[in-house]
Amino acid sequence: MQKIKINLGPKTYDIEIEAGILEKIGGKIKDFVHGEKIAIITDTNVDPIYGEILENSLKKEGYIVQRIVFKAGEQSKNLQVLEKVYSELSDFGLTRSDLIITLGGGVTGDLGGFAAATFLRGVDFIQVPTSLLAQIDSSVGGKVAVDLPSGKNLAGNFYQPKAVYIDPKLLKTLPKKYLHDGFAEAIKYSCIRDIELFEKFESMNTDEDIINSSEEIIFRCCSIKGKIVEGDEFDKGERMVLNFGHTIGHAVEKYYGFNKYTHGEGVGIGMIRITDTTEKLNITEKGTTERIKNLLEKFNLPTSVTLKSCEIHEIIKMDKKKSGSKITIVLLKKLGQGELLKIDFKNIGEYII
Ligand code: GLY
């Protein structure tokens, strides 16, 4: 078992990583969850496999439990589904001293976390992420949100969970496409902060290698993210380094209607496109792009798209990472060393070509 403390003053919480932890969650929370009721928010993919296991673990400790299940998919991360979740929470009679647990991938954590942040002006919640992407990224750091018709994650908040319980065993049922989705994000962490992890990835060859090292990968990525979040909870400075590859990646995801490329695939394409340029500008150590590209290709992740830079710039114009006439881009000095560069948006064409 690995434990990481996220030090955020009164909002401090632990991330626990352990194979089989899903069955033990009831026992783990009984010392600090004193309410009677727990609502599990989950989706139609995850509920049939893991919903009952979590429910039984909670009931064994005497909690009254209700599972709230919504249709799996990003298209559910909206205000209509949120309203249905609120109704079910009300019908269940959840009070402010009770608890919400989100059980699922990024959509569930974001939607369920936003419900927790806003229902009755805030109910405690715990994240139990089931996809690699959620286990190393979205379940940590308190970003919760739903999408609006005008864009992704546009109605949201920073609302820290009381704990995050990560069970690497759950990755065995994750479709390969989503294992790679999360792995691309793990590569991103290694690029910005952990050259040794990058070298470990270079020595791996198969999906089995990812699964076999998943506890260590999750621990190292969450440790990096935890440190960054401790220093910049509200995403005003250093936390932006987590967006390496994301500005272009989001544009790629959006251009193709969010159904051609996964988030991780977009990030992989974005990391290559920006690094290729900064390497040519002599900002990034030579050879960096090639090493990232080789790694992504080894795990069948795309590294380029035929999307013109002017189309990318148009989409980035609407990005919430833009601030007034400026935009912060993330680049690498070398592997393991990501840095921020604030530029005038009018100069974006120098970096995204
Ligand atoms: N996923 C980036 C962040 O949490 O800041």
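We now turn to the structure provided with this report. Everything numeric here is computed off the predicted structure, so don't read it as measured data. (Residues numbered from 1 in each chain as written. Predicted model: local features only at pLDDT ≥ 70, side-chain atom pairs only at ≥ 80, totals over all residues. Heavy atoms only, no water.)

Remarks on the sheet that holds strand β5 (residues 99–104)
Line of reasoning, step 1. The seven strands are arranged β1-β2-β9-β6-β5-β3-β4 in an open sheet whose pairing can be described as mixed. The sheet is open, and its two borders are formed by β1 (2–6) and β4 (64–70), each paired with just one other strand. The sheet shows a mean angle of 15° between the axes of neighbouring strands, taken without regard to direction.
Line of reasoning, step 2. In the sheet, strand β6 (residues 124–129) pairs with strand β9 (residues 163–166) via two bridges, with the strands oriented parallel. Residue pairing across strands places isoleucine 126 opposite alanine 163, the latter belonging to β9.
Line of reasoning, step 3. Along the sheet, helix α3 (residues 79–92) makes contact with β3 (37–43), β4 and β5, crossing β4 at roughly 160°. (Pairing = 2+ DSSP bridges. Helix = DSSP H or I, 4+ residues; strand = E, 2+ residues; numbered from the N terminus. Axes fitted to C-alpha atoms, helices over the stretch in contact; angles between N-to-C directions. Contact = heavy atoms within 4.5 Å.)

Focus on the site of the ligand
Line of reasoning, step 1. In the neighbourhood of the ligand, the contacting residues comprise Asp137, Lys143, Lys225, Arg239 and Leu242.
Line of reasoning, step 2. At 2.6 Å from an oxygen atom of the ligand is found a side-chain nitrogen or oxygen belonging to lysine 225.
Line of reasoning, step 3. Taking arginine 239, its side chain carries an N or O atom lying 2.7 Å from an oxygen atom of the ligand.
Line of reasoning, step 4. Its free accessible area being 200 Å², the ligand has 87% of it covered by the protein chains.
Line of reasoning, step 5. Grouping the amino acids of the shell around the ligand by side-chain chemistry returns one nonpolar, no polar and four charged. (Near = heavy atom within 4 Å. Polar contact = N/O pair within 3.5 Å; in protein donor to acceptor, adjacent residues only side chain to side chain. Areas by Shrake-Rupley, 256 points an atom, 1.4 Å probe, with all protein chains shown as cover. Nonpolar A, V, L, I, M, F, W, Y, C, P; charged D, E, K, R; others polar.)

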